[in-house]
Amino acid sequence: PIFWRATAARTGARLDRSWWHVSAYANHDLETARALGLTTVFVQRPHVTAGPADYVVRDFDELTALVQQQETRFLEVPACRADRAVDFGTPAFMP
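So, a few notes on the structure that sits alongside this text. (Residues numbered from 1 in each chain as written. Predicted model: local features only at pLDDT ≥ 70, side-chain atom pairs only at ≥ 80, totals over all residues. Heavy atoms only, no water.)

## Side note on the overall build of the chain
What the chain contains, in helices and strands, is three helices and three strands. Overall, the chain shows an N-to-C arrangement of helices and strands of α-β-α-β-β-α. The buried share among the 95 residues of the chain stands at 29%. Within the chain, counting contacts between residues at least 6 apart in sequence, those at least 24 apart form 26% of the total. Accessible area for the chain stands at about 6600 Å²; split by element, carbon and sulfur atoms hold 53% of it. (Helix = DSSP H or I, 4+ residues; strand = E, 2+ residues; numbered from the N terminus. Buried < 20%, exposed > 50% of the residue type's maximum accessible area, 1.4 Å probe, protein only. Contact = heavy atoms within 4.5 Å. Areas by Shrake-Rupley, 256 points an atom, 1.4 Å probe, with all protein chains shown as cover.)

## Looking at the sheet that holds strand β2 (residues 39–43)
The three strands are arranged β1-β2-β3 in an open sheet whose pairing can be described as parallel. A single partner strand is all that each edge strand has here, and the edge strands are β1 (20–23) and β3 (55–57). Pairwise comparison of adjacent strand axes, ignoring direction, gives a mean angle of 20° for this sheet. Two strands pair when backbone bridges link them, and β1 and β2 are joined in this way by four bridges, in the parallel orientation. Paired with serine 23 across the two strands is phenylalanine 42, which belongs to β2. (Pairing = 2+ DSSP bridges. Axes fitted to C-alpha atoms, helices over the stretch in contact; angles between N-to-C directions.)

## Structural notes on the environment of valine 57
Assignment of secondary structure puts valine 57 in strand β3. Its relative accessible area of 4% is what places valine 57 among the buried residues.

## Observations regarding the packing of aromatic side chains
Counted according to the given criterion, the structure contains three aromatic pairs. When the ring of tryptophan 4 is compared with that of tryptophan 19, the centres are 5.8 Å apart and the planes differ by 70°; the resulting orientation is edge-to-face. One end of the pair, tryptophan 4, is in helix α1 (residues 2–11); the other, tryptophan 19, is in the loop between α1 and β1, with 15 residues separating them in the sequence. A single burial state applies to tryptophan 4 and to tryptophan 19, both of which are buried. Taken together, a centroid distance of 5.7 Å and an interplanar angle of 20° make the contact between tryptophan 20 and tyrosine 55 stacked. Of this pair, tryptophan 20 sits in strand β1 while tyrosine 55 sits in strand β3, and the two are 35 residues apart along the sequence. Of the residues examined, tryptophan 20 reaches a relative accessible area of 17% and is grouped as buried. Three or more aromatic residues joined by ring pairs form one cluster here, namely Phe3, Trp4 and Trp19. (Phe/Tyr/Trp six-rings, centres within 6.5 Å; stacked < 30°, edge-to-face > 60°.)

Rendered as structure tokens:
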């Protein structure tokens, strides 16, 4: 949760369902993302066990199709633009 809250604070955006967290680890980070109110997407992989997620996809092609279907509105926050680096410093949970 520290990463998500720090990102929201630095960008001035509120954590909500417009944020999507995509992962193959439903039993770890998807639970946290879900608890924060984010939209969660589980990418199926043979080495992991499925867990609670809003959507399940087999690969990134399916993810692309899902995003296009949902007509998700992505936030355009200046600090998140691809042409600018964002320095979050050393997270509290990193050694």
